[in-house]
Amino acid sequence: GIFLSEQIRDINADTMIVYLTNHTETMFRAYGINVIGFIDKARIDEQMPFVLKKAADLFGQKKTVFLKTKDGQTVQLELSKILFCEIKNRKVLLHTSYGSKYILNYSTIHDVYSLLDSDQMVYITRSAFINIKKIESIGKEELHLFGYSKPLFISRTRREQVNDMYLHSLHM
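Student: How do you make sense of the packing of aromatic side chains when you look at a structure like this?
Tutor: Each aromatic ring pair is specified by the distance between its two centres and by the angle formed by the two planes. As enumerated under the stated definition, the model contains four aromatic pairs in all. Geometrically, the ring pair formed by F84 and Y148 is edge-to-face, given 4.8 Å between the ring centres and 75° between the ring planes. A residue pair is termed long-range when its members are at least 10 positions apart, and F84 in strand β5 (residues 82–88) and Y148 in the loop between β11 (142–145) and β12 (152–153) qualify at 64 residues. Put simply, the rings of Y113, Y123 and F129 pair up and form one aromatic cluster.

Here is the structure:
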């Protein structure tokens, strides 16, 4: 198992590995391999839910999306790195926490929104949506995102939904 997990890590370092074993005394040999958990076969009913929750949480943090840009490239982005998306000069622009801006090859902003996790994204106007987990501060008419220096306007019709989702995200 340890040899196989090392080979898997060589191919894809992001692969989540959980050891299921009868030999808990040898688990220390696997510590350099970056596994997310160990389950003792004798305690599988007790330990499985915790390891699966941990894997689901880690998977949610690293969820990625593939998007097409106007220049024909396909970019892979982690959802957690997306700050916001907007329509500007009839172009769909996506802003990331890396400081990158992508002009996307989609006809509407809703096309992009539908590709992303709707539990994490929320419209702030008809022409812009944000990653709710990137809100630094929120006011009556504008909000500030971590990693973006300019305030973003929140339309009157979207304020309640943005506030509700933001408060809900703080409790998760």
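Student: What's the story with the environment of Y102 in this structure? I'm lost.
Tutor: For Y102, the location among the structural elements is in strand β7 (residues 101–104). On a C-alpha basis, the gap between Y102 and K68 in space is 9.2 Å, while along the polypeptide they are 34 residues apart. The contacts of Y102, once residues within four sequence positions are left out, are T69, V75, L77, V92, L93, L94 and T96.

Student: Is there a simple way to explain the sheet that holds β5 in this structure?
Tutor: Note on sheets: strands pair through backbone hydrogen bonds, and any given pair is parallel or antiparallel. Spatial ordering of the open sheet is given by β7-β6-β5-β9-β8, a layout of five strands whose pairing is antiparallel. The sheet terminates laterally at β7 and β8 (121–125), the two strands that pair on one side only. Within this sheet the neighbouring strands show an average axis-to-axis angle of 25°, counted without direction. Sheet topology note: the strand β6 (residues 91–96)/β7 ladder contains four bridges and is antiparallel. Opposite H95, over in β7, you have K101 as the bridge partner.

Student: Honestly, the pairing of β11 in this entry has me stumped. Any pointers?
Tutor: For a regular strand, the rule is simple: side chains alternate between the two faces of the sheet. Of the two faces of β11, the one lined by L143 and L145 is fully buried and the one lined by E142 and H144 carries no buried residue. Strand direction decides the pairing type here: strand β10 (residues 135–138) and β11, joined by three bridges, are antiparallel. For I138, the partnering residue across the bridge sits in β11 and is L143. The antiparallel hairpin formed by β10 and β11 contains three residues in its connecting segment. Of the pairings in the sheet, the one linking β11 to β12 comprises two bridges and is antiparallel in character. Looking at β12, one finds that L143 is bridged to L152. Counting the residues between successive antiparallel strands, the hairpin from β11 to β12 contains six residues, one of them, G147, with a positive phi of roughly 80°.

Student: What's the story with the environment of T69 in this structure? I'm lost.
Tutor: For T69, the position within the fold is in the loop between β3 (64–68) and β4 (74–78). The class for T69 is buried, based on a relative accessible area of 5%. Measuring from C-alpha to C-alpha, the distance between T69 and Y102 comes to 6.6 Å, with 33 residues separating the pair along the chain. Beyond its immediate stretch of four places on either side in the chain, T69 contacts V75, Y102, I103, L104 and N105. Within polar-contact distance, the side chain of T69 engages the side chain of D71 at 2.3 Å.

Reading the values: the criteria
- Residues numbered from 1 in each chain as written.
- Predicted model: local features only at pLDDT ≥ 70, side-chain atom pairs only at ≥ 80, totals over all residues.
- Heavy atoms only, no water.
- Phe/Tyr/Trp six-rings, centres within 6.5 Å; stacked < 30°, edge-to-face > 60°.
- Helix = DSSP H or I, 4+ residues; strand = E, 2+ residues; numbered from the N terminus.
- Contact = heavy atoms within 4.5 Å.
- Pairing = 2+ DSSP bridges.
- Axes fitted to C-alpha atoms, helices over the stretch in contact; angles between N-to-C directions.
- Buried < 20%, exposed > 50% of the residue type's maximum accessible area, 1.4 Å probe, protein only.
- Polar contact = N/O pair within 3.5 Å; in protein donor to acceptor, adjacent residues only side chain to side chain.

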